[in-house]
Amino acid sequence: MGMFIGQNAALVQTITQGVKAATGLPLIVKLTPNVTDIGTIAAAAAAGGADAIAAINTVASIPAVDIDAEVPLPNVHGKSTPGGLSGAAIRPIALRCLADIGKATQLPLSGIGGIADWHSAVEFLLLGATTVQLGTAVMFQGFKLIDPLCKGLSNYMTQKGYDRIEDFCGHAFAHLEAHSDLRTGETLCVRIAASVCTGCGRCVTACESGGFAALRLVKKKAVADPQRCDGCGLCALACPEKAIRYA
Ligand SMILES: Cc1cc2nc3c(=O)[nH]c(=O)nc-3n(C[C@H](O)[C@H](O)[C@H](O)COP(=O)(O)O)c2cc1C
């Protein structure tokens, strides 16, 4: 029912208005990511009088298929139905949704989706959240993860010279542009740290099969041909040692 309402901007506005009229408490409207334009839904909640937005809820999914029984999971007496994906896998979706909501409203945002440590919490704060929430990570690891999260966040803020969340909230959001406004036209070239490269060859395979065949192994070290490299970044993603960067 929640997802059904959350997919309809008019319903979101009407129900937000109704709840707001019925309570003096602050009203935080939590949004589903299972929509085409979450900004429109957030704007509807704002128009209905929401005090803040929380996002995201789980991402509609079928987690797997039992290939022996030939039934999607979870198998409920031979039948199944789509459910909600949560945890680390949805963090990139949640970050994008948060940014879209930030563009559509000025309301305070509470970031949710795959947060499991101080680093991921900071990502949401930098994209404009003023608070964060954890679900799946606590379910799996227990509340013991909260103290290290707070400590890591505190260390980050000290290192950066920040006293309050407001000092860095939204800093990354401010760097988001439309794709068409990004500066393009100059090609970056891959730089491989030979001392870190183990010669595993994953970058070579990635570049050959999905890139520009610009890499090869020479004496068990990846070497780039700058004439062929397009700066696509695939090799850096494939490198388990983080030996590749671009300049
Ligand atoms: C088992 C489970 C139960 C959940 N129940 C609710 C719920 O009752 N109401 C709600 O708004 N969100 C519910 N959620 C969604 C979470 O609050 C959260 O929005 C989502 O899981 C993404 O955050 P996470 O990756 O930190 O879990 C539930 C999530 C899980 C995994």
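Residues numbered from 1 in each chain as written. Predicted model: local features only at pLDDT ≥ 70, side-chain atom pairs only at ≥ 80, totals over all residues. Heavy atoms only, no water.

## As for helix H8 (residues 202–210)
In an α-helix, one full turn covers 3.6 residues, which means residues spaced three or four apart are oriented alike. For H8, the complete set of buried residues consists of Cys203, Val204, Ala206 and Cys207. Angular distribution of buried residues about the axis of H8 spans 165°; they occupy a single face of the element. Along H8, exposed side chains directed more than 90 degrees from the buried face belong to Thr205, Glu208 and Ser209. Buried residues in H8 make contact with strand E10 (215–218), strand E11 (221–224), helix H9 (234–238) and strand E12 (244–246). (Buried < 20%, exposed > 50% of the residue type's maximum accessible area, 1.4 Å probe, protein only. Helix = DSSP H or I, 4+ residues; strand = E, 2+ residues; numbered from the N terminus. Arc of directions from axis to C-beta. Contact = heavy atoms within 4.5 Å.)

## Details of the pattern of salt bridges
Counted according to the given criterion, the structure contains 4 salt bridges. The residue Lys20 makes a salt bridge to Asp51 at a minimum N-O spacing of 2.6 Å. Note that Lys20 is positioned in helix H2 (residues 9–22) and Asp51 in the loop between helix H3 (38–47) and strand E2 (52–55), a separation of 31 residues in sequence. The partner of Asp100 in a salt bridge is Lys103, with the nearest N and O atoms 3.7 Å apart. Placement of both Asp100 and Lys103 in helix H4 (residues 91–104) is noted, with a separation of 3 residues, approximately one turn of the helix. Residues joined by salt bridges that share partners form a network here, namely Arg96, Asp100 and Lys103. (Salt bridge = Lys/Arg side-chain N within 4 Å of Asp/Glu carboxyl O.)

## With respect to the domain arrangement of the chain
By domain assignment, the chain separates into domain 1 (2–175) and domain 2 (182–246). On a C-alpha basis, the centroid separation for the pair domain 1 and domain 2 is 34 Å. (Domains from an automatic or database assignment.)

## Topic: the site of the ligand
For the ligand, the set of nearby residues contains 14 residues, the closest of which are Lys30, Ile56, Gly87, Gly114 and Thr136. The contact in question runs from an oxygen atom of the ligand to an N or O atom on the side chain of Lys30, over 2.8 Å. With respect to the ligand, the backbone of Gly87 contributes an N or O atom lying 2.8 Å from an oxygen atom. Burial of the ligand by the protein chains amounts to 59% of its free accessible area of 600 Å². Residue classes in the shell around the ligand are distributed as 5 nonpolar, 8 polar and 1 charged. (Near = heavy atom within 4 Å. Polar contact = N/O pair within 3.5 Å; in protein donor to acceptor, adjacent residues only side chain to side chain. Areas by Shrake-Rupley, 256 points an atom, 1.4 Å probe, with all protein chains shown as cover. Nonpolar A, V, L, I, M, F, W, Y, C, P; charged D, E, K, R; others polar.)

## A look at the nonpolar core
Leu31, Ile53, Ile56, Ile101 and Phe168 are the most contacted members of the largest nonpolar core, which has 40 residues in total. Mapped onto this core, the elements with two or more residues apiece are strand E1 (28–31), H3, E2, H4, helix H5 (118–126), helix H6 (136–141) and helix H7 (146–160). Not counting chain neighbours up to four residues away, the residues in contact with Ile53 comprise Ile28, Val29, Leu31, Ala42, Ala45, Ile101, Leu107, Pro108, Leu109 and Ser110. Within the second largest apolar cluster, 14 residues are counted, among which are Val190, Leu215, Cys235 and Cys239. (Core = buried A, V, L, I, M, F, W, Y, C linked by side-chain atoms within 4.5 Å.)

## A short note on the side chain of Thr16
Here Thr16 is to be found in helix H2. Residue Thr16 is classed as buried on the basis of its relative accessible area, which comes to 4%.

## Some words on a nonpolar patch on the surface
Side chains of Ile62, Val65 and Ile67 sit close together on the surface and give an oily, nonpolar patch of about 320 Å² of accessible area. Looking at the element boundaries, Val65 is found in strand E4 (residues 65–66). (Patch = residues over 30% accessible without salt bridge, like charges linked within 9 Å, V, L, I, M, F, W, Y side chains within 5 Å.)

## Section: the sheet that holds E2
As summarised here, the arrangement of the 4 strands in space is E1-E2-E7-E8, forming an open sheet in which the pairing is parallel. Strand pairing shows two members of the sheet lacking a second neighbour, E1 and strand E8 (129–133), which therefore form its edges. Within the sheet, the average angular offset between the axes of one strand and its neighbour, ignoring direction, is 25°. The pairing of E1 with E2 spans 4 bridges and is classified as parallel. If you follow Ile28 over to E2, its bridge partner there is Ala52. Strands E1, E2, strand E7 (109–112) and E8 of the sheet are contacted by H4, whose axis makes an angle of about 165° with E7. (Pairing = 2+ DSSP bridges. Axes fitted to C-alpha atoms, helices over the stretch in contact; angles between N-to-C directions.)

## Observations regarding H2
Compared with an ideal rise of 1.5 Å per residue, which puts 14 residues at 20 Å, H2 spans 20 Å between its outermost C-alpha atoms and is within 8% of the ideal. N-cap assignment for H2: the residue whose side-chain oxygen lies 3.0 Å from the backbone N of Ala10 is Asn8. (Expected span 1.5 Å × (residues − 1).)

## Thoughts on the pairing of E1
The alternating pattern of E1 places Val29 and Leu31 on a buried face and Ile28 and Lys30 on a face that is not buried. This β-α-β element, E1 to H3 to E2, shows right-handed connectivity. (Right-handed = clockwise from strand over helix to strand, strands pointing away.)

## Quick word on the packing of aromatic side chains
Tallied over the full model, the rule gives 3 aromatic pairs. Aromatic pair Tyr156 and Phe168: ring centres 5.7 Å apart, planes at 65°, arrangement edge-to-face. Remark: Phe168 occurs in the loop between H7 and strand E9 (190–192) and Tyr156 occurs in helix H7; sequence separation between them is 12 residues. One exposure class covers both Tyr156 and Phe168, and it is buried. Between Tyr162 and Phe168 the ring centres are 5.1 Å apart and the planes differ by 20°, which places this aromatic pair in the stacked class. Comparing Tyr162 with Phe168, the two get one shared label, buried. A network of ring pairs unites the aromatic residues Trp118, Tyr156, Tyr162 and Phe168 as a single cluster. (Phe/Tyr/Trp six-rings, centres within 6.5 Å; stacked < 30°, edge-to-face > 60°.)

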